[in-house]
Amino acid sequence: MDKLLEQQVRERARGRCEYCHIPTSLYDQPFHLDHIIARKHGGQSVLENLAFCCIDCNLHKGTNIAGIDRGTGALTRLLNPRMDQWAMHLAWRGAELIGLSAIGRTTIEVLQINQAIRVTARAIFIEEGSFPNWRDQRER
């Protein structure tokens, strides 16, 4: 992938995963560039189809573009960081991310964002004051 394109994706994300919002500074593994629409589904390696994400979100998402919303039982697309406003679909409740919509709920489930180990890590970061994204959401 083109180095300039990689840099543009990283800068646009402002140093955090575009799905779970964990900052790179709190994560011990390199972040990935995710194809929002996977190449196997016709997605291209262009700025509009790439998201900066942590390895946890990337590995759980894989080539998925949808999942089943537990609230409705309907097939629902995942959050698209290029089309969707994150705060319209997701919000913090303590260290747990909650879905405000079918898209949010499905994204949390497929990407396993509230996996116990991830929630525990966020709780520690919140307690020590190093997870500012949570405080930003709490004020809204």
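About the criteria used
- Just so you know, the residues in each chain are numbered from 1, in the order the chain's sequence is written.
- A pLDDT threshold of at least 70 governs which residues receive local features in this predicted model, and a stricter bar of 80 or more applies before side-chain atom pairs are shown or counted, although totals over entire chains, interfaces and linings include all residues.
- Side-chain metrics in this entry use all non-hydrogen atoms of the structure; hydrogen atoms and water are not considered.
- For the exposure calls, accessible area comes from a 1.4 Å probe over protein chains only, and a residue counts as buried if that area is under 20% of its type's maximum, exposed if over 50%, partly exposed in between.
- Strands here are runs of E lasting at least two residues and helices are runs of H or I lasting at least four, both read from the DSSP assignment and numbered beginning at the N terminus.
- Along the arc lie the directions from the helix axis toward the C-beta atoms.
- For this analysis, residues touch if any pair of their heavy atoms sits within 4.5 Å.
- Polar contact is defined as a pair of N or O atoms within 3.5 Å, subject to the rule that within protein one atom must be able to donate a hydrogen and the other to accept it, and that residues adjacent in sequence are counted only when both atoms are side-chain atoms.
- Summary of the metric used: pLDDT quantifies the predictor's per-residue confidence within the range 0 to 100.
- Note on terminology: a nonpolar core comprises buried Ala, Val, Leu, Ile, Met, Phe, Trp, Tyr and Cys residues joined through side-chain atoms within 4.5 Å.
- The definitions used throughout rest on a 1 Å grid laid over the protein atoms alone, on which a cavity is an enclosed set of points accommodating a 1.4 Å probe that cannot get out and a pocket is an open set flanked by protein within 12 Å on both sides along at least five of seven lines; lining residues are those having an atom within 4 Å of a point.
- Grid points are joined across faces, edges and corners, and a volume is the space filled by probe spheres set on the points.
- Throughout this entry, Asp, Glu, Lys and Arg are counted as charged residues, while Ala, Val, Leu, Ile, Met, Phe, Trp, Tyr, Cys and Pro are counted as nonpolar. The remaining residues, Gly among them, count as polar.
- Just to be clear on terms, a salt bridge is a Lys or Arg side-chain nitrogen sitting within 4 Å of an Asp or Glu carboxyl oxygen.

A. Fine view of helix α1 (residues 3-12). Considered for burial, the residues of α1 that qualify are L5, E6 and V9. For α1, the angular spread of buried residues about the axis comes to 100°, placing them on one side. More than 90 degrees from the buried face of α1, the exposed residues found are K3, L4 and E11. Where α1 is buried, its residues contact β1 (32-35) and β2 (50-53). With a side-chain oxygen lying 2.8 Å from the backbone nitrogen of L4, the N-terminal cap of α1 falls on D2.

B. Here's a closer look at the confidence of the model for the protein. Looking at the protein as a whole, the pLDDT averages 92, with 93% of positions reaching at least 70. Note that pLDDT drops below 50 for residues 134-140; the model gives that stretch 12 contacts with residues more than four away or on any other chain.

C. Here's a closer look at the nonpolar core. By size, the foremost hydrophobic cluster in this structure holds 33 residues, and its most contacted members are C17, Y19, I22, C54 and C57. Looking at this core, the elements with two or more residues in it are α1, β2, β5 (90-93), α4 (102-111) and α5 (116-127). Beyond its immediate stretch of four places on either side in the chain, I22 contacts G15, R16, C17, Y27, F31, C54, F125 and F131.

D. Focus on the layout of surface pockets. Space inside the second largest pocket adds up to approximately 220 Å³. Every residue along the wall of the second largest pocket is listed here: C20, I22, L26, Y27, D28, C54, D56, I117, R118, A121, R122 and F125. The dominant element in the lining of the second largest pocket, judged by the number of residues it contributes, is α5, at 5 residues. A class-by-class count of the residues in the lining of the second largest pocket yields 8 nonpolar, no polar and 4 charged.

E. How the structure looks around α4. Counting buried positions over the 10 residues of α4 gives 7, a clear majority of the element. When α4 is considered as a whole, its buried residues turn out to be I103, G104, T106, T107, I108, V110 and L111.

F. Spotlight on the pattern of salt bridges. Per the counting criterion, the structure on display carries 7 salt bridges. For R105, the salt bridge identified is with D69, shortest N-O distance 2.8 Å. Here D69 lies in the loop between β3 (66-68) and β4 (75-77) and R105 lies in helix α4, a separation of 36 residues in the sequence. A salt bridge links R77 to D84; the shortest N-O distance between them is 2.7 Å. On the accessibility criterion, R77 (33% relative accessible area) is partly exposed.

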